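Given next are the chains, with one letter for each unit.
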Amino acid sequence: MATVAGRNRLPRFNFATYFKKNGRNVIAPSAALVVALICWELFSAVTQSLPGPIQVIRETWDPLIICPFYVGNQAWGLNGLSGGDVGLGWQAIASLIRVSIGYSLAAMVGIFVGVLVGASRLLYRAVDPMFQVLRTVPPLAWLPIALAIFRDSGPAGIFIIFVTAIWPIIYNTAVGVQQMPQDYKNVAKVLRLSGKEYFFSILLPSIVPYMLTGLRLGIGLAWLAIVAAEMLRGDTGIGFFIWNSYNSGNLSEVILALFYIGMIGFLLDRLVGAIASFVAADH
Amino acid sequence: MTAQILTSPKSALAKPGDPYLELDGISKVYPTANGPFTVMEDITLTVQEGEFVCVIGHSGCGKTTLLNMVSGFAQPTTGEVRLQGQRITRPGPDRMVVFQNYALLPWKTAFENVYLAVDAVQPERPRREKLEIVREHLAMVGLEEAMHKKPGQLSGGMKQRVAIARALSIRPQVLILDEPFGALDAITKEELQEELLKIWTEHQVTVMMITHDIDEALFLADRIVMMTNGPHARIGEIMAVPFPRPRDRARLMEDPYYYTLRNQALDFLYSRYAHHE
């Protein structure tokens, strides 16, 4: 038996013991969900303002729920997938592409600016008040400004995501630079590292955990901005889908899209969180 | 006890009257709200090439500040520090420091930590040779097995070994150690002391080391610099430690002169300059 124990074998999965241990973690959220759904159903039955959960599922079952990647008849317009008669899976992918462009730009610019602002106390003092004010501006408020700058809803939408996601990335990176242990700086000084070596061997790796915190907050905000970014776009995206469904009076579709947005936002957060804990394991 | 063994073999090679590391009339004054605060003053010390000097004193006497002025991290308010006649103005690899808390980069393995130093100091050297230097120095401190582990996976003693390997890999002229073994358990501490002595003999490096531990200083040093309490700390006494080298801890403990010196140092630290909080 010693040989078996020596190998790193996973213990056999036992559903009964798993349930005994984690039963509460499954039962409690399920119960809360059921209670919330009942409240929602009662609320809509009494006020007649919103479709209840049952109605939402009934109205969106075919094709939106059962077939997230269907393509409708009029979908293939001049711009490829346009006009909106496609499954929510496609809409979500269109939104994710848009978010990833805006977010990547925010990450690059944010880390660059964050390093600069963190490295120079004077620069930090100079821009901090301005950034503190700008970062509280909600995504929707940027919409007219973005349209005025870009005169096109495509880049304007990406700009809104960019400008919403960039602040926590800047601030956390800057704090990372400011909090860098003196020991690391002393090593760099005594070895007289060149600027390039200092940046890549010491500064950048030492701020990675802070940067990842900023990136994680940033992805949440970028996804929050998606509806604002897509509201005026007449072609694709989950934000567009919501706005389109609202304009055609289909609240069940809106609610289903909200569910999608919530789930995708949750998964994005977990994804960046998982990457963060993987990369930051050494720190 | 002949005059021969009063100095280490290497300092015997240096021309007499040829100072290597000089601390010349140093004081350090910090301006504060209540006027200038003098940490230390009137410090003059000459260290010979290849000498092992320990600095001992109560906390707050400015030992670390003193070593920081040798390494170049701090500047004296008056006076100057010279290495081979050159005034020290900033840190440099010729005066490598083994920092109090190791100062290893946690995202690099032991090997990469040492490589960073070797590469920074001799960038033009072929990569193969640099790798060989790193391997050789890690082997010297007994870390062949663990050289590809990151500091987080190493014990305190092993981290200190990496820090020592890193410091020696760049062939400094002066090795500066700030209480290097303070955080280690007694056994690891003794092991590392012995290894440090072995390496010091092989590398012919000049060492300045801060310690709190009189036995450690007596085992390692050629001379012990004892500082009075701050503020206005000075060099109170310089004790020559004339035991022959290589030193053997057990034999040292049997030497009655060891206890004479030990009592003298204890008397200095705990009677004449007892620390009153």
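For every chain, the first residue of the written sequence is number 1, and numbering continues from 1 along that sequence. All chains are assigned letters beginning at A, and all ligands numbers beginning at 1, according to the order in which they are written. This being a predicted model, a pLDDT of at least 70 is required before a residue's local features are given, and a value of 80 or more before pairs of side-chain atoms are given or counted; all residues contribute to the totals for chains, interfaces and linings. Heavy atoms from the whole structure form the basis of all side-chain values; hydrogens and water molecules are not counted.

## Brief notes about the domain arrangement of chain B
Residues and elements named next belong to chain B. Put simply, the rule is: The source of the domain bounds is an automatic or database domain assignment. Two residues form a contact once any of their heavy atoms are found within 4.5 Å. In short, buried area is how much 1.4 Å probe accessible area vanishes from two parts on joining, totalled over both.
You can read the domains of chain B as domain 1 (3-94 + 176-272) and domain 2 (107-171). For domain 1 versus domain 2, the distance between C-alpha centres works out to 26 Å. With eleven residues of domain 1 at the contact, the number on the domain 2 side is twelve residues. Together, the buried faces of domain 1 and domain 2 total about 1100 Å²; carbon and sulfur atoms form 68% of this surface.

## A closer look at the packing of aromatic side chains
Defined as follows: Here the aromatic set is Phe, Tyr and Trp, taking the six-membered ring for Trp, and pairing holds for ring centres within 6.5 Å; pairs whose planes are under 30 degrees apart are stacked, those over 60 apart are edge-to-face, and all others are tilted. Each helix is a run of H or I in the DSSP string that is no shorter than four residues. Each strand is a run of E no shorter than two, and both are numbered from the N terminus. Classification of residues uses two cut-offs on accessible area relative to the type maximum, computed with a 1.4 Å probe and protein chains only: under 20% is buried, over 50% is exposed, and between them is partly exposed. To sit over a ring, a charge needs its Lys NZ or Arg CZ within 6 Å of the ring centre and within 35 degrees of the ring normal.
Counted according to the given criterion, the structure contains 13 aromatic pairs over all chains. With 5.3 Å between their ring centres and 90 degrees between their planes, A:Y184 and B:W107 make a pair best called edge-to-face. Placement of A:Y184 in helix α8 (residues 182-191) and of B:W107 in the loop between β6 (95-98) and α3 (110-121) is noted, with the two residues assigned to different chains. Comparing A:Y184 with B:W107 shows no difference in burial state: the two are buried. Taken together, the aromatic side chains of A:W142, A:F150, A:F159 and A:F162 make up a single cluster linked through ring pairs. Directly above the ring of A:Y171 sits A:R135, whose terminal nitrogen or CZ lies 5.9 Å from the centroid. In this structure, B:R249 packs its charged tip against the face of B:F219, placed 4.1 Å from the ring centre.

## Here's the deal with the nonpolar core
Let me state the cut-off plainly: Residues belong to one nonpolar core when they are buried, are Ala, Val, Leu, Ile, Met, Phe, Trp, Tyr or Cys, and are joined through side-chain atoms within 4.5 Å.
Ranked by internal contacts, the top residues of the largest apolar core, which has 158 residues, are A:L191, B:L21, B:F52, B:L175, B:M209 and B:I224. Per-element tally for this core: the top contributor is helix α7 (residues 153-178) of chain A, with 14 residues. The contact partners of B:L175, leaving out residues within four places of it in the chain, are B:M96, B:V98, B:A167, B:L168, B:L196, B:V205, B:T206, B:V207 and B:M208.

## What about unusual backbone geometry?
Residues and elements named next belong to chain B. P246 follows R245 through a cis peptide bond whose omega is -5 degrees. Here R171, not a glycine, exhibits a phi torsion of approximately 50 degrees, which is positive. As for its placement among the helices and strands, R171 is situated in the loop between α5 (156-169) and β7 (174-178). Judged by its relative accessible area of 51%, R171 is exposed. At E179, a residue that is not glycine, the phi angle is positive and equals roughly 40 degrees. Turning to its location among the elements, E179 is positioned in the loop between β7 and α6 (186-203). Judged by relative accessible area, which is 17%, E179 ranks as buried.

## Let's talk about the interface of chain B and chain A
Worth spelling out the cut-off: Take a side-chain nitrogen of Lys or Arg and a carboxyl oxygen of Asp or Glu: if they are within 4 Å of each other, that pair is a salt bridge. Between N or O atoms, a polar contact is any pair within 3.5 Å; within protein, one atom must be a potential hydrogen donor and the other a potential acceptor, and residues adjacent in sequence are included only when both atoms are from side chains. The classification used treats Ala, Val, Leu, Ile, Met, Phe, Trp, Tyr, Cys and Pro as nonpolar, Asp, Glu, Lys and Arg as charged, and all other residues, Gly among them, as polar.
On the side of chain A, 16 residues touch chain B, which itself brings 24 residues to the contact. By the criterion of area lost to chain A, the three top residues of chain B are B:F73, B:W107 and B:L116, representing 31% of everything that side buries. At the junction of chain B and chain A, the tally comes to zero salt bridges. Inspection of the region where chain B meets chain A yields three residue pairs in polar contact (both at pLDDT 80 or more). Among the secondary structure elements, those contributing two or more residues to the side of chain B that touches chain A are β6 and α3 of chain B. When residues of the side of chain B that touches chain A are assigned to their parent elements, the largest contribution, five residues, is made by α3(B). Here the side of chain B that touches chain A is composed, by residue class, of 16 nonpolar, two polar and six charged.

## Considerations on the sheet that holds strand β3 (residues 52-56) of chain B
Within a sheet, each strand pairs with its neighbour through backbone hydrogen bonds, oriented either parallel or antiparallel. All names here are of chain B. Note the cut-off: Two strands qualify as a pair provided that DSSP identifies no fewer than 2 bridges between them. Angles here are taken between N-to-C directions and fall from 0 to 180 degrees, while the axes themselves are lines fitted to C-alpha atoms, restricted in helices to the stretch in contact.
With mixed pairing, six strands are arranged side by side in an open sheet as β6-β7-β8-β3-β9-β10. Both edges of this open sheet fall to β6 and β10 (235-240), since each of them pairs with a single strand only. Neighbour-to-neighbour, the strand axes of this sheet turn through a mean angle of 20 degrees, independent of strand direction. Pairing of β3 with strand β9 (residues 223-227), which is carried by four bridges, proceeds in the parallel orientation. Its bridge partner being in β9, V55 is matched across the sheet by V225. Against the sheet, helix α2 (residues 63-71) touches β3, β6, β7, β8 (206-211) and β9, its axis set at about 155 degrees to β8.

## Details of the domain arrangement of chain A
Taken domain by domain, chain A comprises domain 1 (14-50) and domain 2 (76-282). Computed over C-alpha atoms, the centres of domain 1 of chain A and domain 2 of chain A are 32 Å apart.

## Side note on the confidence of the model for chain A
Note: predicted coordinates in regions of low pLDDT should not be interpreted at a detailed level. All names here are of chain A. For clarity, the threshold we go by: pLDDT gives the predictor's per-residue confidence on a scale running from 0 to 100.
Here chain A shows a mean pLDDT of 84. Residues at 70 or above account for 89%. Below pLDDT 50 for its whole length, residues 1-6 participates in one contact with residues either more than four positions away or in separate chains. The low-confidence segment residues 75-80 (pLDDT under 50) makes eight contacts with residues lying over four places distant or belonging to another chain.

## Details of α3(B)
Defined as follows: What a helix is expected to span follows from its residue count: subtract one and scale by 1.5 Å.
The first and last C-alpha atoms of α3(B) sit 17 Å apart over twelve residues, in line with the 16 Å expected at 1.5 Å per residue. Among the twelve residues that make up α3(B), ten are buried, leaving the element largely enclosed by the rest of the structure. What α3(B) keeps buried is the set B:A110, B:F111, B:N113, B:V114, B:Y115, B:L116, B:A117, B:V118, B:D119 and B:A120. Lining the buried residues of α3(B) we find α8 and α9 (195-224) of chain A together with α4 (127-140) and α5 of chain B.

## With respect to the packing of α9(A) against helix α12 (residues 251-279) of chain A
For any two helices packed against each other, the geometry is given by the interaxial angle and the distance between the axes. Residue and element names in this part refer to chain A. Basically, it comes down to this: When describing relative orientation, an angle under 35 degrees is termed roughly parallel and one over 145 degrees roughly antiparallel, while 65 to 115 degrees is termed roughly perpendicular and anything else oblique.
With their axes 9 Å apart at the nearest point, α9 and α12 run at an angle of 170 degrees to one another. Looking at the two axes, α9 sits roughly antiparallel to α12. Note on element contacts: α12 touches α9 through I261, I264, G265, L268, D269, R270, V272, G273, A276 and V279, opposite V208, L212, L215, R216, I219 and W223. The class makeup of the residues in the contact of α9 with α12 is eleven nonpolar, two polar and three charged.

## Here we look at the pattern of salt bridges
Opposite charge on two side chains lets them pair, provided their charged atoms get close. Residue and element names in this part refer to chain A. Tallying each qualifying case throughout the model produces 22 salt bridges over all chains. D269 is paired through a salt bridge with R216; the nearest N and O atoms lie 3.1 Å apart. Pair noted here: D269 is in helix α12 and R216 is in helix α9, with a separation of 53 residues, a long-range link. The class for D269 is partly exposed, based on a relative accessible area of 25%.

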